[in-house]
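Per-entry structural report
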Protein chains: 2
Amino acid sequence: MEELIQKARSVKKASIKLQSVSTVQKNEALLQIGAALKRKEDAILKANKMDVKEARDKGIRDSLIDRLALNQKRIDDMIQSCHRVAGLKDPVGEVIASWVQSDGLRISKVRVPIGAIGIIYESRPNVTVEASILALKTGNSILLRGGSDAFHSNMAIVKAIKEGLSRSSLPVESIEIVESTDRKLVEQMLKLREYLSLIVPRGSNRLIQYVVENSSIPVLETGVGNCHIFVDDSADLEKALEIVDNAKTQRPGTCNAVETLLVHQSIAAAFLPMMADRLSKKGVEIRGCSQTQKFIKVKPATDSDWETEFLDLILAVRVVNSLDEAIAHIQKYSSGHSEAILTENYFNAKKFVENIDAAAVYVNASTRFTDGGQFGFGGEIGISTQRLHARGPVGLEGLTTYKYVILGDYNVRR
Amino acid sequence: MEELIQKARSVKKASIKLQSVSTVQKNEALLQIGAALKRKEDAILKANKMDVKEARDKGIRDSLIDRLALNQKRIDDMIQSCHRVAGLKDPVGEVIASWVQSDGLRISKVRVPIGAIGIIYESRPNVTVEASILALKTGNSILLRGGSDAFHSNMAIVKAIKEGLSRSSLPVESIEIVESTDRKLVEQMLKLREYLSLIVPRGSNRLIQYVVENSSIPVLETGVGNCHIFVDDSADLEKALEIVDNAKTQRPGTCNAVETLLVHQSIAAAFLPMMADRLSKKGVEIRGCSQTQKFIKVKPATDSDWETEFLDLILAVRVVNSLDEAIAHIQKYSSGHSEAILTENYFNAKKFVENIDAAAVYVNASTRFTDGGQFGFGGEIGISTQRLHARGPVGLEGLTTYKYVILGDYNVRR
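In this report, the structure presented in the accompanying data block is examined. Being a predicted model, the structure only gives us computed values, none of them experimental. (Residues numbered from 1 in each chain as written. Chains lettered and ligands numbered in written order. Predicted model: local features only at pLDDT ≥ 70, side-chain atom pairs only at ≥ 80, totals over all residues. Heavy atoms only, no water.)

Broken down by element type, chain A carries 15 helices and 16 strands. Taking the principal axes of its C-alpha atoms as reference, chain A extends roughly 70 × 65 × 35 Å. A total of 414 residues make up chain A; the buried ones form 59% of that total. Relative to all contacts within chain A whose residues are 6 or more apart in sequence, the contacts with residues 24 or more apart total 72%. For chain A, the accessible area works out to roughly 16,600 Å², and carbon and sulfur atoms hold 48% of it. Mean positive and mean negative side-chain charge positions of chain A (55 and 51 charges, respectively) differ by 4 Å. (Helix = DSSP H or I, 4+ residues; strand = E, 2+ residues; numbered from the N terminus. Buried < 20%, exposed > 50% of the residue type's maximum accessible area, 1.4 Å probe, protein only. Contact = heavy atoms within 4.5 Å. Areas by Shrake-Rupley, 256 points an atom, 1.4 Å probe, with all protein chains shown as cover. Lys, Arg positive; Asp, Glu negative; His and termini not counted. Charge placed at Lys NZ, Arg CZ, Asp CG, Glu CD.)

Taken together, the contacts link 75 residues of chain A with 75 residues of chain B. Roughly 6,400 Å² is buried in total at the junction of chain A and chain B, and carbon and sulfur atoms are behind 53% of that figure. Contact with chain B buries area across many residues of chain A, yet Leu-388, Tyr-410 and Arg-413 of chain A alone supply 16% of it, more than any other trio. If you look at where chain A meets chain B, you find six salt bridges. With a closest N to O distance of 3.1 Å, Glu-221 of chain B and Arg-193 of chain A form a salt bridge. Every element with two or more residues in the side of chain A that touches chain B is listed here: β2 (106–113), α9 (205–214), α10 (237–249), α15 (346–355), β13 (360–365) and β16 (400–411) of chain A. Looking at the side of chain A that touches chain B element by element, the count peaks at 11 residues for β16 of chain A. Looking at the side of chain A that touches chain B residue by residue, the class counts come to 35 nonpolar, 22 polar and 18 charged. Here β16 of chain A runs beside strand β13 (residues 360–365) of chain B; their pairing, made up of five bridges, is parallel. Residue pairing in the sheet places Tyr-404 of chain A in a bridge with Ala-360 of chain B of β13 of chain B. (Buried area = accessible area lost by both parts, 1.4 Å probe. Salt bridge = Lys/Arg side-chain N within 4 Å of Asp/Glu carboxyl O. Nonpolar A, V, L, I, M, F, W, Y, C, P; charged D, E, K, R; others polar. Pairing = 2+ DSSP bridges.)

Under the definition given, this model contains 12 aromatic pairs over all chains. With centroids separated by 6.0 Å and ring planes inclined at 50°, the aromatic side chains of Trp-99 of chain A and Phe-377 of chain B adopt a geometry described as tilted. Residue Trp-99 of chain A is found in strand β1 (residues 95–100), and its partner Phe-377 of chain B is found in the loop between β13 and β14 (382–384); the two belong to separate chains. Its relative accessible area of 22% is what places Trp-99 of chain A among the partly exposed residues. Note on Tyr-402 of chain A and Tyr-404 of chain A: the rings are 5.6 Å apart at their centroids and 75° apart in plane angle, and the pair reads as edge-to-face. The burial state of Tyr-402 of chain A is the same as that of Tyr-404 of chain A; both residues are buried. An aromatic cluster is defined as three or more aromatic residues linked by ring pairs; in this entry it consists of Trp-99, Tyr-402 and Tyr-404 of chain A together with Phe-375 and Phe-377 of chain B. (Phe/Tyr/Trp six-rings, centres within 6.5 Å; stacked < 30°, edge-to-face > 60°.)

With that settled, the discussion passes to the packing of helix α3 (residues 41–57) of chain B against helix α5 (residues 72–87) of chain B. Residue and element names in this part refer to chain B. In contact at an axis separation of 11 Å, α3 and α5 are set at 125° when each is read in the N-to-C sense. Between α3 and α5, the angle falls in the class oblique. Seen along the crossing, α3 lies across α5 with a hand that is right-handed. Between α3 and α5, the residues in contact are Glu-41, Ile-44 and Leu-45 and Gln-72, Ile-75 and Asp-76, respectively. Its residues assigned to classes, the contact of α3 with α5 shows three nonpolar, one polar and two charged. (Axes fitted to C-alpha atoms, helices over the stretch in contact; angles between N-to-C directions. Parallel < 35°, antiparallel > 145°, perpendicular 65-115°, else oblique. Left-handed = near helix turned anticlockwise from the far one by under 90°.)

Quick look at the relation of the copies chain A and chain B now. Superposing chain A onto chain B takes a rotation of 180° combined with a translation of 0.0 Å along the rotation axis, leaving an RMSD of 0.0 Å. The transformation relating the two chain copies, once decomposed into turn and shift, fits a two-fold axis. Considering only C-alpha atoms, the residue of chain A closest to the rotation axis is His-389 of chain A, which sits at 1.8 Å. (Least-squares fit on C-alpha atoms with pLDDT ≥ 70 in both.)

In summary, soluble globular proteins display a tendency toward joint burial of nonpolar side chains. Grouped together as the largest cluster of nonpolar side chains are 96 residues, with contacts concentrated most on Leu-37, Ile-229, Val-231, Leu-261, Phe-271 and Met-275 of chain A. Dropping the residues within four chain positions of it, Met-275 of chain A is found in contact with Leu-241, Leu-261, Ile-286, Ile-296, Leu-315 and Val-317 of chain A. (Core = buried A, V, L, I, M, F, W, Y, C linked by side-chain atoms within 4.5 Å.)

On to α5 of chain B, then. Residues and elements named next belong to chain B. For α5, built from 16 residues, the straight-helix expectation of 22 Å at 1.5 Å per residue is met to within 8% by its first-to-last C-alpha distance of 23 Å. Along α5, the positions that sit buried rather than exposed are Ile-75, Met-78, Ile-79, Ser-81, Cys-82, Val-85 and Ala-86. Each buried residue of α5 sits inside an arc of 145° when the element is viewed along its axis, so together they form one side. Pointing more than 90 degrees away from the buried face of α5 are the exposed residues Lys-73, Gln-80 and Gly-87. Turning to α5, the residues buried within the fold contact α2 (23–39), α3, α6 (125–137) and α7 (151–166). Backbone nitrogen of Lys-73 and a side-chain oxygen of the N-cap are separated by 3.1 Å at the start of α5; the cap is Asn-71. (Expected span 1.5 Å × (residues − 1). Arc of directions from axis to C-beta. Polar contact = N/O pair within 3.5 Å; in protein donor to acceptor, adjacent residues only side chain to side chain.)

For the rest of this paragraph, the subject is unusual backbone geometry. Within the chain, Leu-311 of chain A stands out as a residue other than glycine whose phi angle is a positive 55°. Phi at His-389 of chain B takes a positive value of approximately 65°, unusual for a residue other than glycine. Mapped onto the elements of the fold, His-389 of chain B is located in the loop between β14 and β15 (392–394). His-389 of chain B sits in the buried class, given a relative accessible area of 19%.

If you walk across this open sheet you meet the 10 strands as β1(A)-β2(A)-β16(A)-β13(B)-β12(B)-β7(B)-β8(B)-β11(B)-β9(B)-β10(B), and the pairing is mixed. Each end of this open sheet is capped by a strand with a single partner; those strands are β1 of chain A together with β10 (299–300) of chain B.

With that settled, the discussion passes to the pairing of strand β8 (residues 258–264) of chain A. Residue and element names in this part refer to chain A. Buried residues dominate β8, accounting for seven of its seven residues. Examined bridge by bridge, strand β7 (residues 227–231) and β8 share five bridges and lie parallel to one another. Looking at β8, one finds that His-228 is bridged to Thr-260. Crossover handedness for the path β7 to α10 to β8: right-handed. Pairing of β8 with strand β11 (residues 314–320), which is carried by five bridges, proceeds in the parallel orientation. (Right-handed = clockwise from strand over helix to strand, strands pointing away.)

Moving on to the pattern of salt bridges. Once the charged atoms of two side chains with opposite charge are near each other, the side chains can pair. The full count for this structure, using the stated rule, is 64 salt bridges over all chains. Between Asp-76 of chain A and Lys-38 of chain A there is a salt bridge, with the nearest N and O atoms lying 3.8 Å from each other. Placement of Asp-76 of chain A in helix α5 (residues 72–87) and of Lys-38 of chain A in helix α2 (residues 23–39) is noted, with a sequence separation of 38 residues between them. Take Asp-76 of chain A: its relative accessible area is 33%, and that puts it in the partly exposed class. Accessibility expressed as a relative area gives 42% for Lys-38 of chain A, which makes it partly exposed. A salt bridge links Glu-176 of chain B to Lys-162 of chain B; its shortest N-O distance comes to 3.2 Å. Residue Glu-176 of chain B is found in strand β5 (residues 175–177), and its partner Lys-162 of chain B is found in helix α7; the two are separated by 14 residues along the sequence.

This is the structure in structure tokens:
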């Protein structure tokens, strides 16, 4: 607890200095961090070997060990990230709006850093670098709390980051990591409103929900994508099939992959067999409603399938009688991430866009586009499923706030 | 609890319908609510009399009874508010940004309602109307939880609002009020993430802190304004005095009033006596640091004075040796609301603006301007002292979020 408070105080203090550093200073620090990671490569790999060995001894499963393990290529990727983020446009200082009131006051809304940010994440050492450099680029300090399985790796990485910072003009205390692996510290960290202005949880949905429910600090919530595609009766069926295939199979483990397909009944007889044929060849398991089962031979879908984010080669399929029925289904089951209609009917497209409330609403495109890179944001903090502050793909702007700067001529209020 | 859940479900359902209503429909509903308040005026005044009597019997102090009591004039003000808000520009539907990606996708960031909002407030019946109409104007439904002392008034007002809604095309369930006055319900309400997307506490700092610390729903936090003015050595002393007087005495009970005055030592001998003379004539009590006491006869300031929002005719005064010392004092004690420098030195103005992190940073103007009306926002939800989502004076936009609408030509992700 004492370590936690002391480090929270450190990053808070650093955040005040960071308010007024220039883009050049921040970019130089990022490049110094990249160089330090290179110099400390051996030490980082050695520390990581200890983590991997301990994880293997504990019987942790291979997929998690794969996320934990580092090699020269992965450290090179981290260094590349430092260079890439240094090359991104700095959002801080942007004048979002500016106007003059009738009494001559010039009011400007100026983008500024959020301050000190806390990040709670699981055992992926690359997040240690990524979170740190995105925070620094936007003028924020950061208090890291990583998964205990990556303890040695994280300590070695943060040591390198701090060495890089010490060769820059930014405070070394801009990045701190909680060393204690006591799980109670997470709960305590979520109450440090005096020092931290934002908490970002990165990892499983369970971790995110824990943070959202227990934090008294505002949270940047990323989460579940239970995404739908509705194929309307006017859609071009060949092109619709391309999109469904893309949205399901291109990367099924991502939050923007489609999970439920809704098909208008008047095209079900034509569309479902060609869809089943194409997707089953790609190994997709289809689970259909009773109507769907009349057209193709599939496993029956249960109620819970409609609310499940499979993150796998599984697709729930339902035949609907109308656009209204499709909208009602989505309104009931949507997690508010990405929803699509495939249609050539102007009024149906308009109605869908107006009635579906999700971070990204698509007409005639794959849900897979919901991504900071695809949206042209450069960096991506994550995909927000909350409604406040930032929604959908979050670029660097999501790590900023604004202040009003008011320039007067000795104005008083009448 | 059952009532709470049922009403939360009602407003959530209404919020889905409200997503797609037009500005004309919303404005008509606001005017219908105004008309219904007029028709139900007698019933509202009668209910209010019961509340006032019960409050008197309980020995509640006069200033609170004044906030609770209604009369014809105050009901007229409510009706006027309905007309005024109907006349405001509707932020919903605004295209915040729109661009075309190289693959032809048109991406638009469109302003939409937040959804279902919960508001927790103390015994001011006018808040019942004000919160309801601001929510409706921005396409949000609202679940009200008012102070128990205003119970009868609130029930009568909500009955009128719902009668107005029933004559409009908006769902009657857009506005619901929790009838149970069990205090435990507030705690339960703060956990209803499934239904409510935002909680707005209105009232004492104690209520707001309770909500912030216990809510798992995002909170729009308004709060303490411990505002400073620094009089630099280059300031015009006569004009500086006008501003200090205005910021302290025009309305001392507001969060944007100045609480601590910082004076550069090289002008202290000239400025402090004229300041003390002018302000003491207006009944202001001055509490000065040891340096201040060398120039004027005042009560000594204690450490706690530097951190107090007096909301009263009290001003703490400190002499500083430099701009840096002034900035350090403000960084230490500021509540992040409104901070001002009075100076004619370009570099000092620039340094102050860059280093002071507050919702509103002033050069040569009174802190009293931090206000939605003064900023030209029309309506005002409150003045946010949090850093996320909305900061400083919050206009109608603060009750909206955005979604991305993506129009394609059967695009798939490569």
